[in-house]
Amino acid sequence: MARIRYASDFDKSVLLNNFENRGWIQVSPEEDWNFYWAGVHNIRNVFSVESGFRLQDNQVINHFPNHVELTRKDLMVKNIKRYRKDLEKDGNPLAEKDETGRFVHLDFIPLTFMLPADYNLFVEEFRKNPNTTWIMKPCGKARGIGIFLVNKLSQLKKWSRDGKGSVFSPPTAKETYVISKYIDNPLLIGGKKFDLRLYVLVTSFRPLKCYIYHLGFCRFCTVKYNASLNELDNMFVHLTNVSIQKQGEDYNAIHGGKWTTQNLRLFLESTRSKEVSDKLFDEINWLIVHSLKAVASVISNDRHCFECYGYDIIIDDNLKPWLIEVNASPSLSATTSSDRIMKYRLISDVINIVIPPGELPDVRWTKIPDKENYGHFELLYDEELANNEQSNQEMKVKASSLNFPGKRDARKGGQATWK
Amino acid sequence: MELHESSFVSLLSNLRSSTLYNELFVAAQEEAQKSNVRLSDLKKCVQSGLVSAGWDKKLRNAVYHIIQSQYKLFKSSPLASPESEKEPIAYILKAQFVWEKKILKSLNSMCTELTVPLARSRSEKDKKDLAARWSELGVDGPAKICSSDLSQIRPVYAPKDFLEVLVGLQNPNSANTGNMGTYDLPWGLIQVSLKVKTLNELRVQYSEMAITHCQTGTDDLPDIPPELFENERSKLGKKVIAANHAPTAREYSKRGCPVSMRADLWCQILGVDLQNVDYLYYEQLKSYVLQHDLLVDSLLYKDVKLTATNDDQYFVFEDFLYQVLLPFSRDSVVLKHFAYNSATPPKSYIRGKLGIEEFAVTYPPNGVIPFHGFAMYVAPLCYLYNDVVRLYYVFRHMYVNYFFRLHSVSSHPQGIVALSLLFEKLLQAEEPELFYHLIQVGCQPLKIAFKWLMRAFSGFLASDQVLLLWDRILAFDSMEILSVLAVAIFSFRKTNLLKVQCMSTAEAVLADLFTLQIVPLLQLSLFSK
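None of these values were measured; they are calculated from a predicted model.

Next up on the list: the overall build of chain A. Broken down by element type, chain A carries 14 helices and 16 strands. In chain A, of all internal contacts separated by at least 6 residues, the share reaching a separation of at least 24 is 70%. Carbon and sulfur atoms provide 50% of the accessible area of chain A, an area that totals close to 19,400 Å².

This brings us to the UniProt feature "domain: Rab-GAP TBC" (unreviewed entry) in chain B. Residues given the UniProt feature "domain: Rab-GAP TBC" (unreviewed entry) here are residues 256-477 of chain B. Each end of residues 256-477 of chain B is marked by a C-alpha atom, and these two atoms are 13 Å apart; helix forms 50% of the span and strand 4%.

The next subject is the packing of aromatic side chains. This structure, assessed with the given rule, holds 55 aromatic pairs over all chains. A ring pair is formed by Phe19(A) and Trp24(A), whose centres lie 5.5 Å apart and whose planes are at 5°; its orientation type is stacked. Across this residue pair, the class does not change: Phe19(A) and Trp24(A) are buried. Ring centres of Tyr206(B) and Phe476(B) lie 4.6 Å apart, and the angle between their planes is 65°; this geometry places the pair in the edge-to-face category. You can see Tyr206(B) sitting in the loop between helix H12 (199-205) and helix H13 (230-243) and its partner Phe476(B) sitting in helix H23 (residues 463-476), a full 270 residues away along the chain.

We now examine the pattern of salt bridges. For the coordinates displayed, the defined rule picks out 39 salt bridges over all chains. One salt bridge in this structure joins Glu113(B) and Arg154(B), with 3.6 Å as the shortest N-O distance. On the criterion of sequence distance, the pair formed by Glu113(B) in helix H6 (residues 90-114) and Arg154(B) in the loop between helix H9 (147-152) and helix H10 (159-167) is long-range, its members being 41 residues apart. Residue classification places Glu113(B) among the partly exposed residues on the basis of a relative accessible area of 47%. Among the salt bridges present, the one from Glu201(B) reaches Lys195(B), with a minimum N-O distance of 3.9 Å. Accessibility expressed as a relative area gives 34% for Glu201(B), which makes it partly exposed. One network of salt bridges, with partners in common, ties together Asp57(A), Arg303(A), Asp362(A) and Arg364(A).

Right, let's talk about the side chain of Asp278(B) for a bit. All names here are of chain B. Residue placement: Asp-278 occurs in helix H16 (residues 276-291). Comment: no salt bridge for buried Asp-278; closest opposite-charge side chain is Arg-396, at 6.1 Å. Contact partners of Asp-278, with chain neighbours within four places excluded, come to Asp-273, Val-389 and Tyr-393.

Applying the stated criterion across every chain, the model contains five cavities of 30 Å³ or more. When its volume is computed, the largest cavity comes out at roughly 220 Å³. What lines the largest cavity is a set of 19 residues, among which Gln96(B), Ile103(B), Ala343(B), Gly367(B) and Ile369(B) lie closest to the centre. The dominant element in the lining of the largest cavity, judged by the number of residues it contributes, is H6(B), at five residues. Of the residues that constitute the lining of the largest cavity, the class distribution is eleven nonpolar, seven polar and one charged. Val60(A), Thr203(A), Val354(A), Trp365(A) and Lys367(A) are, among the 13 residues lining the second largest cavity, the residues nearest its centre. Here the lining of the second largest cavity is built from residues that sort into nine nonpolar, two polar and two charged.

In the segment running from Leu115(A) into Pro116(A), the intervening peptide bond is cis, with an omega of 5°. Note that Pro116(A) resides in the loop between strand S5 (112-115) and helix H5 (119-128). Notably, Thr115(B) is not glycine yet its phi reads approximately 45°, a positive angle. With phi around 70°, Phe457(B) is a residue other than glycine that occupies positive phi space. If you trace the backbone, Phe457(B) turns up in the loop between helix H22 (445-454) and H23. Assessed through its relative accessible area of 0%, Phe457(B) is described here as buried.

Between chain B and chain A, the contact holds 27 residues from the first and 23 residues from the second. Both faces considered, chain B and chain A share a buried interface measuring about 2,200 Å² in area, 58% of it formed by carbon and sulfur atoms. Area buried by chain B at its contact with chain A is led by Phe315(B), Val316(B) and Tyr383(B), which between them contribute 26% of it. Applying the counting criterion to the chain B and chain A interface returns two salt bridges. For Glu230(B), the salt bridge goes to Lys274(A), with nearest N and O atoms at 3.8 Å. The interface formed by chain B and chain A includes seven residue pairs in polar contact (both at pLDDT 80 or more). Among the elements of the structure, H13, helix H18 (318-330) and H23 of chain B are those that each provide at least two residues to the side of chain B that touches chain A. The leading source of residues in the side of chain B that touches chain A is H23(B), at three residues. Split by residue class, the side of chain B that touches chain A holds 13 nonpolar, seven polar and seven charged.

Cut-offs and rules
Residues numbered from 1 in each chain as written. Chains lettered and ligands numbered in written order. Predicted model: local features only at pLDDT ≥ 70, side-chain atom pairs only at ≥ 80, totals over all residues. Heavy atoms only, no water. Helix = DSSP H or I, 4+ residues; strand = E, 2+ residues; numbered from the N terminus. Contact = heavy atoms within 4.5 Å. Areas by Shrake-Rupley, 256 points an atom, 1.4 Å probe, with all protein chains shown as cover. UniProt positions renumbered as here; feature names shortened; annotations may be inferred. Phe/Tyr/Trp six-rings, centres within 6.5 Å; stacked < 30°, edge-to-face > 60°. Buried < 20%, exposed > 50% of the residue type's maximum accessible area, 1.4 Å probe, protein only. Salt bridge = Lys/Arg side-chain N within 4 Å of Asp/Glu carboxyl O. Lys, Arg positive; Asp, Glu negative; His and termini not counted. 1 Å grid on protein atoms, 1.4 Å probe; cavity = no way out; pocket = protein on both sides within 12 Å on 5 of 7 lines; lining within 4 Å. Points joined across faces, edges and corners; volume = space filled by probe spheres on them. Nonpolar A, V, L, I, M, F, W, Y, C, P; charged D, E, K, R; others polar. Buried area = accessible area lost by both parts, 1.4 Å probe. Polar contact = N/O pair within 3.5 Å; in protein donor to acceptor, adjacent residues only side chain to side chain.

Below is the structure:
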């Protein structure tokens, strides 16, 4: 068998060690590769019409051409809003609303507006609840850059004055912000705030095929959480990004503030109950699947592509998970030794699902890997398999689609029933 | 259970002095005043009234725990002296005494070096400041000590110092018969002859852990259909918790506690049933911490910083640990356990009154000087209790029932000497080739296993596994499982250990135990041969 030729835009050991341990041969991105781990900036070139480049059947690449539909903060929100509206129009039971107008099953992102576009809508909402705190994030940036908290309209006005031009001048993509309701009641453990970083692998959007990684982790703030207003400027309290926390004097380089989801589960199950903790993790899976479904129709579902996303989720003190954002290029730098081991395995498991072991990449493949190649991934949803099953068991599905939420509760022993 | 008459008398006196007695008394009075009670069957009515209100359960549990605590003593005869209840063997008692003096001396010299007193009262300003920072002591510590001083604060002793003491233990009567050469000298490090159990005896003791019995933590993993075991198990567990009867909870836990029931089951087994007065008492302990600045506080702070703070499983609980450890050091109820501990609480004297008995005070107030790793006795419990007060009492019970034995020199069958010896004898009997090989390359197995035993494996195993292990300590009311597990780990890594040629490689082979599943390992070691 021919050896796989790989290209990588990153010089990260967790990637290169994986490729080398498989005996793959390194080539440059301009050469004839089978497997390309590209940076997001290069994806546009690979797929742009001008490049005159056509991917062959034995080539796979780690991003979808327009992944920004999911991974840019404003586009994700826009797509999810549209998805809910479409379902509502169809009279789909998933789009059920409660008496306050909130979606019962699809309310998994904090209330969000684009700025400057939705400025008036935002002001209206702000006046309704003047005592809420909001978080401003630039759309195109990551790792906590440019983020600040707002609890007075005057702060926004000041921001727009300091920025380039007025609120009403046409925005460029770089100046677009999203402003979201700040989750000011996060679940605290040991008095500290944390968020979840989960890895989700998508091998196809139509039909949707996605996997969740078991070795996700919680990222803790080093400083005790304090919701009081005079701490609004202390970003160590609010932001869990490792790149921010690392600058704090209490940052611990041995564990890097990272705690495994297994530990989180052990804690929740011990101090609350198994039911509560199962429900939380079910809801997390649920929101991941629906965030992907929300963009499935707009993503250009190129057969050569797969993508490993970093999901950022915050859990509030009612144990409700909120999707904060999705990263297309989750950090592969290892901060601690266990982090290095985990990320090495992650990449290894990704490769085993994307390319069946011992074979060359082949985009004509069914993309249904053997269960034994899942590694630490778990199949979250495979639309194709689900549809097959559906046609097989049409009667059953008819009955249960009438009370879809009930189906979730019927989930047992790791078998998600939305499959 | 056989009870001496004297035990019965002391049981009654124990009950009379408990708060339960008063509560029962008041409840009985209330029953008697009910309008439907007739004088002719007063006794019957009151009794049945008490039973239906659940008082019988409380009484049963109280009796059970009092009897349990009496078994902690070395009771050779009802007339045994209090000294021999602590430790019947003179040379062991003496070794403990010498060890205590040494610890105290090094504590005192640390005071001199740092020119801080063992204790001083805090100013009003400091009190307020500490109270304000109470739930986030991880940042600046209890004494706001500057970092150069903190670096001079060092643990008074570490497991390897304590191991040296145990290795040096020798029966003065048997040591002199040594002209027969080395035949009767044990291969291991522990030179004391104590009776420890054989594998067969342990099999009987741990028969509920047999491979034929399904175990929580093994047979209920997510990839096993819950119909096979998990469903029944959790149904039964709910019933057990509802029954609120300590011996039943204990029996049930022998096969491991389901994660979501562990917190309650442990409380029942240990007899932790919090009342308002317990919350008040904790608040009082906290106020003692605020009033006085003790050197021990800095020792505890340093210990947490050296252990849990750097541990990727426990760092999130750092602030909880201070809220347990600092009040614990002020808790004089802990002193009661010295009735059955070979150790004696250290004494210190008010300035200028050195050696005058009336001016002696116990230091620290609970009589326990922490060692390197002490905080790890608390850390795994943080997974179970989100309420600091409940966490506190569970830890205190765990300490006075079990953990104190892991750092005092004693001949008690549950003591660290016997556990170390049990480890050596079992390993020698079950893995003679391995034992011989390790000794040949100059690496005594106990030198590696001792820190595991002394910390009850906390910080060495994955958090869920430590809890599964401690389930068995509580359920079987014995720490012998620690030695069994240590042997099981050596057996499990045998292939690699047989290849090592020096201590450091042996240590490397056994450095990472975080992937181990302890229940199958224990089963393998206990029942496979």
